Amino acid sequence: MTALTRVRQRADGATLVCLYLLALLVVPARLVLSFVPMTLPPALVVALLLGVLWLSAQMVDTLGIGKGRNALRTAVAIYLAMHLATYAIATRRWLPTDELTVADSSMVRIVATISVAIFACDAIRTRERLDRVLKLVLACSGMIAFVGLVQFGAGVDLASYVSLPGLRVQENAYSAMESRSIFRRPTGTTNHPIEFGLVCAMAVPLGAHYVFHARDHGEPQLRWWLCLALVGLGALTALSRTAILGMAVSGIVLVATLPRRRKLTVSVLGLGFFLGASLVVPGLFGTLRGMFSNIEDDPSVKARTADYEAAADQIDLNPLLGRGFGTFLPTKYTILDNQFLLTLIENGYLGLFALIGMFLAACYATLRTRFLTRDESLRGLASCLLAAVLVGGIASVTFDLLSFGVATGMVFTMIGLSGAALRIAQAEKTVLAPDSTV
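**Q** Any details on the overall build of the protein chain? Residues and values, ideally.
**A** Scanning the protein chain for helices and strands turns up 16 helices and 4 strands. Accessible area of the protein chain: about 19,800 Å², with a carbon and sulfur share of 66%.

As structure tokens, then:
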């Protein structure tokens, strides 16, 4: 009975967030529930349950969930309110059946994803549990990178061999074996190479943090070096500008926030890794350079900018709250590889300000965390979360982020963890304050 009690005590909010991350990152994104009419991956089911648990926990005072003011929590609430307002306005008028169906499912998806952010913000209460969640993010990202590297190097899609009871394969328009230049573009367990590259790029600063942490505390380093190598190489082999920009942003954040003795180490490691990857994979450097040097003639870039005029016309039709989240169907209208522009169309200026405000609130939470705590481990985790949030913000400019479930789930999880880090720093400062005055 005592052992059972100990097991129950170890299961907390962080445990449930870890369960969500396993469903999001380990289960291939192409697998969805087979017994429901809408496209519903397992991760979204877990996310909806987290939302129900959060709402229930707010009604009692015995479950230890965070309550009260929090900048991130307020920003997420405003973002949800904008979505609800947009949905109400869109469904009040006539919508074609195909757009209404997608609007309904998109509303379920965004509410579920927002639930993850708010649950993570309020339910992870200690530094150790936050650390455990981020270690799982890094480990799962390393696994995704490994699957992607096998796709890239051997042309074998390990994710396609996964079959789980109650799940069916949801086909998408992208194949894991399509190529750019002379290389295959991997997807790992995600649905698209850009999404794959983004997940890997967001995990790179975590890998660097845990390598340094292990060295400082005399702990085994090999597993963290392996994870760092996998996610770094995965981001490069995605052959995605989003991933390269994300790694650059992560590097800048780390160099700016790390202690002085680490700055040069990170810079040398980054340069050495890039050169090493170019030597191991002949032609990789030339392909990556060509993605940026010929950017003005790149067909994908031209396609992204060609529809801006038509997008402006759509924005003018419903400038404040948009035409409805999810209703600008790419198969019916056009593909917009810019989430901020797509948000302007679907959620209007108010929705765009709410989305940007949520990113800014998460950045504020991480910076405030670094200001409040003197603990180098928590400061390092805050830097990793800052890098991840900024990478997600940049990705919103380079592709339609909210159209990809794994990328969206990863970004919103990092946003929620930013709020959790701030709560933890504030709680620790409150506990230590009386001691500091003695």
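Once the structure has been displayed, the description carries forward.
**Q** Kindly report on helix 2 (residues 13–25), identifying the contributing residues and their values.
**A** The terminal C-alpha atoms of helix 2 lie 18 Å apart, and with 13 residues this matches the ideal 18 Å at 1.5 Å per residue to within 8%. Of all the positions in helix 2, only Gly13, Ala14, Val17, Cys18, Tyr20, Leu21, Ala23, Leu24 and Leu25 are classed as buried. With a side-chain oxygen lying 3.2 Å from the backbone nitrogen of alanine 14, the N-terminal cap of helix 2 falls on aspartate 12.

**Q** Tell me about helix 8 (residues 222–237), residues and numbers included.
**A** In a regular helix each residue adds 1.5 Å, so 16 residues correspond to 22 Å; helix 8 covers 22 Å between its end C-alpha atoms and thus fits that length. Within the span of helix 8, buried status applies to Trp224, Cys227, Leu228, Leu230, Val231, Gly232, Gly234, Ala235, Leu236 and Thr237. Phi turns positive one or two residues past the end of helix 8, at leucine 239, with a value near 50 degrees.

**Q** Please give an account of the confidence of the model for the protein chain that cites residues and values.
**A** Within the protein chain, residue pLDDT values average 83, and 85% of them lie at 70 or more. Low pLDDT (under 50) marks residues 1–7, which in the prediction has 0 contacts with non-local residues, meaning those over four places away or in another chain.

**Q** Describe the nonpolar core, and please don't skip the residues or the numbers.
**A** Note on soluble globular proteins: their nonpolar side chains tend to be buried together. One finds Tyr20, Tyr79, Ile124, Leu130, Leu134, Met414 and Leu417 to be the most contacted residues of the largest nonpolar core, which totals 123 residues. Among the elements that take part in this core, helix 14 (residues 339–372) stands out by supplying 15 residues, more than any other. Discounting chain neighbours no more than four positions away, the residues touching leucine 134 are Leu206, Tyr210, Leu381, Leu385, Met414 and Leu417.

**Q** Can you explain the packing of aromatic side chains? Please cite residues and give values.
**A** Tallying each qualifying case throughout the model produces 4 aromatic pairs. Centre to centre, the rings of phenylalanine 399 and phenylalanine 404 are 5.3 Å apart; their planes meet at 40 degrees, and the pair counts as tilted.

**Q** Now, about the state of the cysteines: what can you tell me, with residues and values included?
**A** Scanning all chains against the criterion turns up 0 disulfides. Cysteine 140 supplies the cysteine sulfur nearest to cysteine 18, a cysteine that is in no disulfide, at a spacing of 8.4 Å.

**Q** Please set out the environment of alanine 421 residue by residue, giving values where relevant.
**A** Mapped onto the elements of the fold, alanine 421 is located in helix 16 (residues 405–436). Those residues in contact with alanine 421, other than ones at most four positions away along the chain, are Leu130, Thr369 and Leu385.

**Q** So what's going on with the side chain of arginine 73? Residues and values would help.
**A** Positionally, arginine 73 belongs in helix 4 (residues 71–92). With residues near it in sequence (within four places) discarded, arginine 73 still touches Trp54, Gln58, Gly66, Lys67, Gly68, Ile118, Cys121, Asp122 and Arg423.

**Q** Please provide a residue-by-residue account of the packing of helix 2 against helix 6 (residues 127–154), values included.
**A** The interhelical angle for the contact between helix 2 and helix 6, taken along N-to-C directions, is 10 degrees, at an axis separation of 10 Å. In terms of orientation, helix 2 lies roughly parallel with respect to helix 6. Between helix 2 and helix 6, the contacting residues are Ala14, Thr15, Val17, Cys18, Leu21, Leu22 and Leu25 on the first element and Arg129, Val133, Leu136, Val137, Cys140, Met143 and Ile144 on the second. A breakdown of the residues in the contact of helix 2 with helix 6 according to their chemical character gives 12 nonpolar, 1 polar and 1 charged.

**Q** If you had to explain the environment of leucine 378 to someone new, which residues and values would you point to?
**A** Of note, leucine 378 is situated in helix 15 (residues 376–398). For leucine 378, a relative accessible area of 0% translates into the label buried. Note: C-alpha distance between leucine 378 and aspartate 131 (247 residues apart in sequence) is 8.5 Å. When near neighbours in sequence (up to four residues on either side) are disregarded, leucine 378 contacts Arg127, Leu130, Thr369, Thr373, Ile424, Ala425 and Glu428.

**Q** An account of the packing of helix 6 against helix 7 (residues 193–216) is requested, with residue identities and associated values reported.
**A** The N-to-C vectors of helix 6 and helix 7 enclose an angle of 130 degrees; their axes lie 9 Å apart at closest approach. In terms of axis orientation, helix 6 runs oblique to helix 7. Like other packed secondary-structure pairs, helix 6 and helix 7 cross with a definite hand, here left-handed. Contacts between helix 6 and helix 7 involve Asp131, Leu134, Lys135, Val137, Leu138, Ser141, Ile144, Ala145 and Gly148 from the former and Phe196, Val199, Cys200, Ala203, Leu206, Gly207 and Tyr210 from the latter. Of the residues that constitute the contact of helix 6 with helix 7, the class distribution is 11 nonpolar, 3 polar and 2 charged.

**Q** Describe a nonpolar patch on the surface, and please don't skip the residues or the numbers.
**A** Residues Leu55, Met59, Val60 and Leu63 make up a contiguous nonpolar surface patch of roughly 420 Å² in combined accessible area. Mapped onto the secondary structure, leucine 55 falls in helix 3 (residues 42–57). On the accessibility criterion, leucine 55 (47% relative accessible area) is partly exposed.

**Q** How would you summarise the pattern of salt bridges if you had to cite specific residues and measurements?
**A** Two side chains with opposite charge may pair up if their charged atoms get near one another. Overall, the coordinates contain 9 salt bridges when judged by the stated rule. Of the charged contacts, one joins aspartate 12 and arginine 129 as a salt bridge, the two residues approaching to 2.9 Å between their closest N and O atoms. With aspartate 12 in the loop between helix 1 (2–10) and helix 2 and arginine 129 in helix 6, this residue pair connects regions lying 117 residues apart in the sequence. The exposure class assigned to aspartate 12 is partly exposed, which follows from its relative accessible area of 26%. Between aspartate 131 and lysine 135 there is a salt bridge; the shortest N-O distance is 3.4 Å. Placement of both aspartate 131 and lysine 135 in helix 6 is noted, with a separation of 4 residues, approximately one turn of the helix. Taken together, the salt bridges that share partners define one network made up of Arg73, Asp122 and Arg423.

The rules behind each value
Residues numbered from 1 in each chain as written. Predicted model: local features only at pLDDT ≥ 70, side-chain atom pairs only at ≥ 80, totals over all residues. Heavy atoms only, no water. Helix = DSSP H or I, 4+ residues; strand = E, 2+ residues; numbered from the N terminus. Areas by Shrake-Rupley, 256 points an atom, 1.4 Å probe, with all protein chains shown as cover. Expected span 1.5 Å × (residues − 1). Buried < 20%, exposed > 50% of the residue type's maximum accessible area, 1.4 Å probe, protein only. Polar contact = N/O pair within 3.5 Å; in protein donor to acceptor, adjacent residues only side chain to side chain. pLDDT = per-residue confidence, 0-100. Contact = heavy atoms within 4.5 Å. Core = buried A, V, L, I, M, F, W, Y, C linked by side-chain atoms within 4.5 Å. Phe/Tyr/Trp six-rings, centres within 6.5 Å; stacked < 30°, edge-to-face > 60°. Disulfide = S-S within 2.5 Å. Axes fitted to C-alpha atoms, helices over the stretch in contact; angles between N-to-C directions. Parallel < 35°, antiparallel > 145°, perpendicular 65-115°, else oblique. Nonpolar A, V, L, I, M, F, W, Y, C, P; charged D, E, K, R; others polar. Left-handed = near helix turned anticlockwise from the far one by under 90°. Patch = residues over 30% accessible without salt bridge, like charges linked within 9 Å, V, L, I, M, F, W, Y side chains within 5 Å. Salt bridge = Lys/Arg side-chain N within 4 Å of Asp/Glu carboxyl O.

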